[in-house]
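Summary of structural features
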Amino acid sequence: MTTPFAPAHTMFLVLVSPAGRCSVWPAALPVPAGWQVVHGVAALQSCADYVAAVRGGLRTAA
């Protein structure tokens, strides 16, 4: 089975759930119902930097 974070997936989004949790998500996959795109389409590092910059205002998904 191939993980969605495999090298073939090079572009990502940052999503926020209705509960305020954020997640880095492969741009090639459909956005789950209820989640909102707040950053991207961008490289993984750009998404990680975005999450780090707003971490105080968002809870990250475990």
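Residues numbered from 1 in each chain as written. Predicted model: local features only at pLDDT ≥ 70, side-chain atom pairs only at ≥ 80, totals over all residues. Heavy atoms only, no water.

On to the overall build of the protein, then. The helix and strand tally for the protein stands at one helix and four strands. Counting every position in the protein, which comprises 62 residues, the buried fraction comes to 24%. Counted over contacts in the protein with a minimum sequence separation of 6, partners at least 24 positions apart contribute 41%. Accessible area of the protein: about 4,000 Å², with a carbon and sulfur share of 62%. (Helix = DSSP H or I, 4+ residues; strand = E, 2+ residues; numbered from the N terminus. Buried < 20%, exposed > 50% of the residue type's maximum accessible area, 1.4 Å probe, protein only. Contact = heavy atoms within 4.5 Å. Areas by Shrake-Rupley, 256 points an atom, 1.4 Å probe, with all protein chains shown as cover.)

For the rest of this paragraph, the subject is the pairing of strand 2 (residues 21–26). In this sheet, strand 2 lies alongside strand 1 (residues 12–16) in antiparallel orientation, the contact comprising five bridges. In the strand pairing of strand 2, V14 is matched with V24. Taken together, strand 1 and the strand that follows it, strand 2, pair antiparallel across an intervening segment of four residues, in which G20 is found at a positive phi of about 90°. (Pairing = 2+ DSSP bridges.)

Purely geometric stuff here, so don't read any function into it on its own.
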